[in-house]
Amino acid sequence: MTAHGRARWFEMVGEVLLDAATQANLPPDLNIRLVERYIDGTELSPGLVQGLRFDIVNGKPAFQLGARPDERGDITVEVTKAASYTLNTLRSEDPRFHAAFTNLLAAGELKIDGDLSQLGSWFSVVHDRIVDHTS
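Below, the structure is looked at part by part.

How each quantity is defined
- Residues numbered from 1 in each chain as written.
- Predicted model: local features only at pLDDT ≥ 70, side-chain atom pairs only at ≥ 80, totals over all residues.
- Heavy atoms only, no water.
- Helix = DSSP H or I, 4+ residues; strand = E, 2+ residues; numbered from the N terminus.
- Rg over C-alpha atoms; globule rule 2.2 N^0.38 Å.
- Contact = heavy atoms within 4.5 Å.
- Areas by Shrake-Rupley, 256 points an atom, 1.4 Å probe, with all protein chains shown as cover.
- Lys, Arg positive; Asp, Glu negative; His and termini not counted.
- Charge placed at Lys NZ, Arg CZ, Asp CG, Glu CD.
- Core = buried A, V, L, I, M, F, W, Y, C linked by side-chain atoms within 4.5 Å.
- Buried < 20%, exposed > 50% of the residue type's maximum accessible area, 1.4 Å probe, protein only.
- Expected span 1.5 Å × (residues − 1).
- Arc of directions from axis to C-beta.

Description of the overall build of the chain
In step 1: Helix and strand counts for the chain stand at four helices and six strands.
In step 2: Listing each helix as α and each strand as β along the chain from the N terminus yields α-β-β-β-β-β-α-α-β-α.
In step 3: Relative to the 2.2 N^0.38 estimate, which gives 14 Å for 135 residues, the radius of gyration of the chain is 14 Å and therefore close to what a compact globule would have.
In step 4: Principal axes of the C-alpha set define a box for the chain whose edges measure 35 × 35 × 30 Å.
In step 5: Counting only contacts in the chain whose residues sit at least 6 apart along the sequence, the fraction spanning at least 24 positions is 70%.
In step 6: When the accessible surface of the chain is split by element, carbon and sulfur atoms take 52% of a total near 7,000 Å².
In step 7: Measuring between centres, the 13 positive side-chain charges of the chain sit 3 Å from its 19 negative side-chain charges.

Printed below as a string of structure tokens:
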């Protein structure tokens, strides 16, 4: 188990994304960037706050620990630490997850700019894998 919100936790998230994307046989022409960061995040390293950048370039996935406070991607997710913890401790089939997701969006504690489905069907498995490793 990995403590939520710590550098090692973001590294685990990146590894889960990388593993799922690698197994998905991504099309060689797929190019997309996902940036996720805490709205109220602390600095992980100079210029980077809690979060990560996940890139797929020519079908090859990679991630970077941390995100710039103003960084944008094709898909940008901004979330408070508390909202992230709530969502990442509930499995996707739990009705409380869907209620929390909707309520956090409405409250502005979760903002998604872009369409997560652009990543492909492989992305649907990562949430529960992250939950399984989060404490």
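So, next bit.
Regarding the nonpolar core
In step 1: Counting 31 residues, the largest nonpolar core has Leu-17, Phe-54, Ile-56, Leu-119 and Trp-122 as its most contacted members.
In step 2: Every element with two or more residues in this core is listed here: α1 (7–23), β1 (32–38), β3 (48–57), β5 (75–79), α2 (81–87), α3 (95–107) and α4 (126–132).
In step 3: Take this core: its biggest share by element is eight residues, from α1.
In step 4: Not counting residues up to four positions away in its chain, the partners in contact with Leu-17 are Leu-52, Phe-54, Trp-122, Phe-123 and Val-126.

Focus: α1
In step 1: If you check α1, its first and last C-alpha atoms are 25 Å apart, about what 17 residues at 1.5 Å a residue would give, namely 24 Å.
In step 2: The set of residues buried in α1 consists of Trp-9, Phe-10, Met-12, Val-13, Gly-14, Val-16, Leu-17, Ala-20 and Ala-21.
In step 3: Residues of α1 that are buried make contact with β1, β2 (43–45), β3, β4 (60–67), α2 and α4.
In step 4: Positioned one or two residues after α1, Asn-25 has a phi angle of 50°, which is positive.

With respect to α3
In step 1: For α3, with 13 residues, the first-to-last C-alpha span of 18 Å sits near the 18 Å given by 1.5 Å per residue.
In step 2: Along α3, the positions that sit buried rather than exposed are Phe-97, Ala-100 and Leu-104. Down the axis of α3, the sector holding all buried residues measures 65°, keeping them to one side. Among the exposed residues of α3, those oriented more than 90 degrees off its buried face are Pro-95, Asn-103 and Ala-106.
In step 3: Those residues of α3 that are buried lie in contact with α2, β6 (110–113) and α4.

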